[in-house]
Each structure stands twice: as C-alpha cells, then as structure tokens.
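Here is what each chain is made of, one letter per residue.
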Amino acid sequence: MKNNQFNINRCWQLLRQHLINGRLDLLLVALLTFFGALAAYAFGIFSGVSTMGRANLPFDQSLLPSFSAISNAGLVLLLIEIVALSSVFANMSKRSGEIQYLLLPATNGEKWFSRIAYALILGFVVPTLFYYLALLFASGIGYLFDIQSLSVLFKLNFDNSYVASVLPGEFTMHWWYTPVNWCMSIFFVAAFLLGGTIWRHQPWLYTSLSVLAFLFVMVFTSGFGIGYYFFKNGAFNKADLQENPFLIIEDMQPFIIGSAIVALLLSALMIWLSYRLFCRRQMETQKIRILA
C-alpha cells in the first residue's frame, strides 16, 4: 500500500465500520432529536406564553407561541448537534483506542475523512432529518386537531411568502439570506469538528466555551465599527425603523455578507487544522510504536 495514495474503497470500509459500531449512537441521536423537538414544540405551544408587555413585537402576537416553539426546538437541535459533532474522534478518547485506530492499514486521509463523514452523519444529517420529521408530525397534529399554533409551524419554516406576510413593514427574503445562513452553518460545523480533534475529553464543553469567547470578542469589536459607520453616515432613522424594524437588516447587508465570507474562510482553515492535528497524532503514535 502506498501511504500517500487515497483509496475510496478503504475509506468506505472504514466509514461502514464506524456506522456499524455507532448504530446505537445513531439511533439515540435520532430518538433524542425527534422526541426532544416534539417536547419543545409542545412546551412552546401549551406553556401559556404571555403576550403582556410585548405590544411592540414585530409580528402578529397570536403567533408568539409558534415562534417560541420553533425557538425551543432549535435549541434542542443545537445542543444535540454540538455534542454529536464534537464526538468526531470519540473512538480515540483513550490512548489504547487512539493507538489501535491510528495503526490501522489505511492512509491518514482515509482515517480522518471517514471519521469526519461519520461525524457529519451523526451530528448533522440524522439530527436535521429527524428534526424536520418532528416538525412535520407536529404540524400534522395541528391540522388534525385544528391547533393553529401547531399547524403554522410548517409554513413558518418553509413558506417564505407566509413569513413575509405575518411580519410588519416591507420585509423581503433577500437572495443573500440563504447563502449567509449556509456559511454560518458550515462555520458552526467546522468549529466543533476542530474542537473534537483537539480535545479528547468533553470536547463539546471546551469547544462551546471557545466559540462563545470568539463570538463575544467579534461582536464586541465589530459593534464599535458598525456603530461608527451608522453614526457617521446617518443610516439610522428612528421614525423609519419604528415603521419597518427590518430596515436595519438591509442597512447591514455589507457587514452580514462580509461576515459570512470571513466565516467560510475560517471554516476552511479549521478543517485544514483538524487534518493537520490528526496527522500529528499519527506521527506521535508511530514514535510510541517504535520506542515500544
């Protein structure tokens, strides 16, 4: 075997073995996402979310329980994805498991890529699929029993024209919303894959703290720059913002798109760092084997 030659068949065999060994984890993630999202929807709808003191909310207040339900379910999905993505190299959390895996007759690229693919299935594909299955199930229950707060969940997630109709002002779904959202999602995934490569124990916790610290610094520093820009150019008009609060999103379009591009570049850097750190582990393991 040529050590530097990537073989798709060997990579597939490794991935297949990861899926077989992790079938219980896949099932657990699927069930946790589905029933966790359903519980979050139910809590948001039936917990009696009050509209008192919320007269200035920029949408129909009868939809407040629906927005609360979506927010709760999104938090459940986020937590599951954080833990699952961070377990990308859980098979190497112990020294014995690390040596055993790194000494398999496969290239670094094959071993690294197979674990990344498995983590994406476990921490992104499966949770997302069962999140939307829970959404469809909850919406179906809403239609069946005529519960408006539940029945509109599907529209709030997939029907952009409906979302625009329930929001005030001239809210429009700009072309850049979707690519910006994908760039931020890729950044999130890359960050926790890198964290799972760096830390062996509780990687989700350390990565979460690192991401929060990074976002805090970025928001704090960029806030001054954005504030200065709007103050200098007189972009903020209080009367216009009261009439259409979403004008601020349109005004910040250059900053949002620029942030998305930076996030995409950082994502590529983090993926590269994950691979390099994995290769370094391989070298350390080979040294241990030689010394032994």
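Residues numbered from 1 in each chain as written. Predicted model: local features only at pLDDT ≥ 70, side-chain atom pairs only at ≥ 80, totals over all residues. Heavy atoms only, no water.

Asker: Tell me about the confidence of the model for the protein chain, and please be specific about residues and values.
Answerer: In this model, the protein chain carries a mean pLDDT of 82, and residues with pLDDT of at least 70 account for 75%. A low-confidence stretch, residues 51-55 stays under pLDDT 50, and its non-local contacts, those more than four residues away or across chains, total 5 contacts. (pLDDT = per-residue confidence, 0-100. Contact = heavy atoms within 4.5 Å.)

Asker: Quick one: what's the story with the packing of aromatic side chains, residue by residue and with numbers?
Answerer: Tallied over the entire structure, the rule returns 12 aromatic pairs. Measuring from ring centre to ring centre gives 5.2 Å for F34 and F35, while their planes differ by 90°; the resulting arrangement is edge-to-face. For F35, a relative accessible area of 51% translates into the label exposed. Between F154 and F158 the ring centres are 4.8 Å apart and the planes differ by 40°, which places this aromatic pair in the tilted class. A residue pair is termed a helical-turn pair when its members lie 3 or 4 positions apart in one helix, as F154 and F158 do in helix 7 (residues 153-158) at 4 residues. Look at F154 and you get partly exposed, because its relative accessible area is 33%. Among the aromatic residues, those joined into a cluster by ring pairs are Y41, Y131, Y132, F154 and F158. (Phe/Tyr/Trp six-rings, centres within 6.5 Å; stacked < 30°, edge-to-face > 60°. Buried < 20%, exposed > 50% of the residue type's maximum accessible area, 1.4 Å probe, protein only. Helix = DSSP H or I, 4+ residues; strand = E, 2+ residues; numbered from the N terminus.)

Asker: How would you summarise unusual backbone geometry if you had to cite specific residues and measurements?
Answerer: Residue D146 is not a glycine yet carries a positive backbone phi of 55°. Its location among the elements puts D146 in the loop between helix 5 (108-144) and helix 6 (148-151). Positive phi, close to 50°, is recorded for Q202, a residue that is not glycine.

Asker: Could you give me a rundown of a nonpolar patch on the surface, with the residues and numbers involved?
Answerer: Together, L129, Y132, L133, L136, F154 and F158 make up a nonpolar patch on the protein surface, roughly 530 Å² of accessible area in all. No other element matches the 4 residues that helix 5 contributes to the nonpolar patch. (Patch = residues over 30% accessible without salt bridge, like charges linked within 9 Å, V, L, I, M, F, W, Y side chains within 5 Å. Areas by Shrake-Rupley, 256 points an atom, 1.4 Å probe, with all protein chains shown as cover. Salt bridge = Lys/Arg side-chain N within 4 Å of Asp/Glu carboxyl O.)

Asker: If you had to explain the pattern of salt bridges to someone new, which residues and values would you point to?
Answerer: The tally for this structure, following the rule as stated, stands at 3 salt bridges. Put simply, R95 and E98 hold a salt bridge, and the shortest N to O gap is 2.9 Å. In this pair, R95 and E98 are both assigned in helix 4 (residues 95-102), 3 residues apart and thus about one turn of the helix distant. We classify R95 as partly exposed; its relative accessible area is 32%. What makes E98 buried here is its relative accessible area of 0%. Across the salt bridge formed by E98 and R200, the nearest N and O atoms sit 2.7 Å from each other.

Asker: Give me helix 4: which residues, what numbers.
Answerer: Of the positions making up helix 4, those classed as buried are G97, E98, Y101 and L102. End-on view of helix 4: buried residues confined to an arc of 120°, all on one side of the axis. Every exposed residue of helix 4 that faces more than 90 degrees away from the buried side is listed here: S96 and Q100. (Arc of directions from axis to C-beta.)

Asker: Describe the nonpolar core, with residues and values.
Answerer: F192, L193 and F278 are the most contacted members of the largest nonpolar core, which totals 22 residues. Where this core is concerned, the elements lending two or more residues are helix 3 (64-86), helix 4, helix 5, helix 9 (177-198) and helix 13 (253-291). Sort the elements by how many residues they give to this core and helix 9 lands first, with 8 residues. Setting aside chain neighbours within four positions, we find L193 in contact with L85, V88, I116, A119, L120, I271 and S274. By size, the runner-up hydrophobic cluster in this structure holds 20 residues, among which are A73, A134, L150 and L153. (Core = buried A, V, L, I, M, F, W, Y, C linked by side-chain atoms within 4.5 Å.)

Asker: So what's going on with helix 1 (residues 8-21)? Which residues, and what values?
Answerer: The end-to-end C-alpha distance of helix 1, which contains 14 residues, comes to 20 Å, matching closely the 20 Å that a straight helix rising 1.5 Å per residue would cover. Within helix 1, burial applies to C11, L14, L15 and H18. With its buried residues spanning 95° around the axis, helix 1 presents them on a single face. The N-cap of helix 1, judged by a side-chain oxygen 2.8 Å from the amide nitrogen of N9 a few residues on, is N7. (Expected span 1.5 Å × (residues − 1). Polar contact = N/O pair within 3.5 Å; in protein donor to acceptor, adjacent residues only side chain to side chain.)

Asker: I'd like a description of the environment of S93, backed by residues and values.
Answerer: Looking at where S93 falls in the secondary structure, it is placed in the loop between helix 3 and helix 4. Among the residues examined, S93 registers a relative accessible area of 23% and is labelled partly exposed. Those residues in contact with S93 that sit more than four places away from it in its chain are R200 and H201. There is a polar contact of 3.0 Å between the side chain of S93 and the backbone oxygen of A90.

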